[in-house]
Amino acid sequence: MSDSSILPPARLRPEAELARDALSTPVLSRAARLARWAGPDTRVDAGGGLVDEQVPAAAAELGLTGEDAAADAGEAWRVAVDAGLVEVADEEEGTVAAGAGLALLTGGSPQDVLGVWLTALETVLGDASVPDLGGLVDAIAEGEGSGELDLDALDWDPEAEAEFLDGVLGNLYLLTVGGEGVEGAMVPLPGLAASVIVPDDMAEPTNDVLEQVSDAMMRLDDQFRMLEPVGLVEYRPVDEALMADTDEEPAAAPVDDTDVSRYGMVRLTPLGLYGLRARLLEAGFEAPAVGDLVDKGADALLDGTAVFPPAAAHAETEQWLARREPLASARELLAAARGADEGAPLRRLRCQQALSLVGASAEPALREVLDDPELGGLARVWLAEHGAADVPPPSEALIFWLTIDTVAAQLAAEGNSEELRSLVEGLARQHSGFFDTAWRVEHPATADVLEAMGRLHPDKRIAKEARKAAFKARSQHGN
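Caption draft 1: Geometry of the packing of aromatic side chains. Tallied over the full model, the rule gives three aromatic pairs. Residues Phe400 and Phe434 carry aromatic rings whose centres are separated by 5.4 Å and whose planes lie at 25° to one another, so their mutual orientation is stacked. A residue pair is termed long-range when its members are at least 10 positions apart, and Phe400 in helix α20 (residues 396–414) and Phe434 in helix α22 (residues 434–438) qualify at 34 residues. Phe434 shares its class with Phe400; the two are buried. Here Phe434 and Phe435 contribute two aromatic rings whose centre-to-centre distance is 5.2 Å and whose plane-to-plane angle is 85°, an arrangement assigned as edge-to-face. The pair formed by Phe434 and Phe435 is uniform in burial state, with each residue classed as buried. Through a chain of ring-to-ring contacts, three or more aromatic side chains come together here, namely Phe400, Phe434 and Phe435. The ring of Phe164 has Arg219 sitting right over it, with the charged end atom 4.1 Å from the ring centre.

Caption draft 2: Structural context of the sheet that holds strand β4 (residues 233–236). Read across the open sheet, the three strands follow the order β3-β5-β4; overall the sheet is antiparallel. Each end of this open sheet is capped by a strand with a single partner; those strands are β3 (187–188) and β4. When β4 meets strand β5 (residues 265–268), the two strands line up antiparallel, connected through four bridges. Its bridge partner lying in β5, Tyr235 is registered against Val266. Across the sheet, helix α9 (residues 158–177) touches β3, β4 and β5, and the angle it forms with β5 is around 70°. This element, helix α11 (residues 207–227), spans β4 and β5 of the sheet and lies at about 130° to β4.

Caption draft 3: Main features of unusual backbone geometry. For Asp390, which is not a glycine, the phi torsion comes out positive at approximately 60°. With respect to the element layout, Asp390 can be found in the loop between α19 (376–385) and α20.

Caption draft 4: How the structure looks around the side chain of Thr123. Within the secondary structure layout, Thr123 lies in helix α6 (residues 110–128). Ignoring anything within four residues of it in the chain, the contact list for Thr123 reads Arg78, Val79 and Asp82.

Caption draft 5: Inspection of α19 at higher detail. Within α19, seven of the ten residues are buried, which leaves the element mostly enclosed by the surrounding structure. Burial in α19 covers these residues: Gly376, Gly377, Leu378, Ala379, Arg380, Trp382 and Leu383. Among the structural elements, α16 (326–337), α17 (344–355), α18 (363–368) and α20 are those in contact with the buried residues of α19. Of the residues one or two after α19, Gly387 is the one with positive phi, at around 70°.

Caption draft 6: Structural view of the nonpolar core. By size, the foremost hydrophobic cluster in this structure holds 73 residues, and its most contacted members are Leu85, Tyr173, Phe224, Leu227, Leu232 and Val233. Non-local contacts of Phe224, meaning those with residues more than four positions away in its chain, are made with Val168, Leu169, Leu189, Leu192, Val233, Tyr235 and Val266. Core analysis: the next-biggest nonpolar cluster, separate from the first, contains 32 residues, Trp320, Ala336, Ala337 and Ala379 among them.

How each quantity is defined
Residues numbered from 1 in each chain as written. Predicted model: local features only at pLDDT ≥ 70, side-chain atom pairs only at ≥ 80, totals over all residues. Heavy atoms only, no water. Phe/Tyr/Trp six-rings, centres within 6.5 Å; stacked < 30°, edge-to-face > 60°. Helix = DSSP H or I, 4+ residues; strand = E, 2+ residues; numbered from the N terminus. Buried < 20%, exposed > 50% of the residue type's maximum accessible area, 1.4 Å probe, protein only. Lys NZ or Arg CZ within 6 Å of the ring centre and 35° of its normal. Pairing = 2+ DSSP bridges. Contact = heavy atoms within 4.5 Å. Axes fitted to C-alpha atoms, helices over the stretch in contact; angles between N-to-C directions. Core = buried A, V, L, I, M, F, W, Y, C linked by side-chain atoms within 4.5 Å.

Structural data, given as structure tokens:
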């Protein structure tokens, strides 16, 4: 995915709702609590971290117990410092004071709160890319005497690790925005790990690649456990019974290794979707959101939603229409749907879908274009669907033109889909001699549509007729 890629639009929740979600995340709420707890007597080291003597008190303030209490308290403090909830008041003394970020959490706008949360997210993502601290201690021991950390002994490449996690999160974002809802379906961890490990042109993964996928799953299991408390993901961890050493620690019950959910399942939260989109925008990607087109014209709406998944296109169009008077918006949509360029058929399809949301008040606009060679067929379909009276029947020429236009739009929207294959089969079955007439249709996409019909139709005889018709159409139009 290059930084010039145009991604499907994200369907974001309102900022006020996302800000409430951010404030309730364990990571940010703990950081805010520590910021309020800190005072003139709080001491930090040269790096801004709490001195060892104060960590137990910080953990107690957060109600943390157990072996992870000190680490969780340390993370909460790092977030508080990085997000500006506290600041070092005296570098020599190592004391702290409340930071400007703390006031934003209570008195700032939803956007202010989300800005603080995004900083917290960066801190946690940085922590998630650091290897196990036990290995880090060993690496430091390996490097003693040299004054340097021996990264080779640790087998850790910070840039590669961050890039790996970014790649996984990027694929999770794509799966989410390409779906039909604000929240995507839970994604199995093995598939997500394989998406960044297995080469696209590898038909069957080798044993070496499968081992890499398995190692990646274990890393991601640790990382997603860390990323869930900051509100980025909802995560169902890998079943620990699957990781048990059967020689030393037999499972209490038989393990069903065919149940993919036991290998970990993850999805972005609405807050996580917002956060990853913000990071993508910062990195230079074109990452649209539903609602970006509401203030633009109908031409921008129809062209922009042309590549949207159906649910996102529907949501964007609803928002666009909500700001406009119905009859005026219908006229603007119809005017924008005209054209003989390559994108025109799909614009007309999106126009037809948009007009279905306008309602009966659009009828005068549709009657005005009944004689329009490009919009007359669309208008008749709309009027018939809305039970309008006195709709003039279409000519055979108009029926064939509309058919070519519709198939061209479906090709642009879906490619060689099963739905389009069924449409092609239905057309050939319902209209005897379809191809004898179709090649004469004066539509810029006639030859391409007939060629696609020849490619898609399962009956070899009919497919050959379609290809012959496509050849005639190209000869007629000189291309």
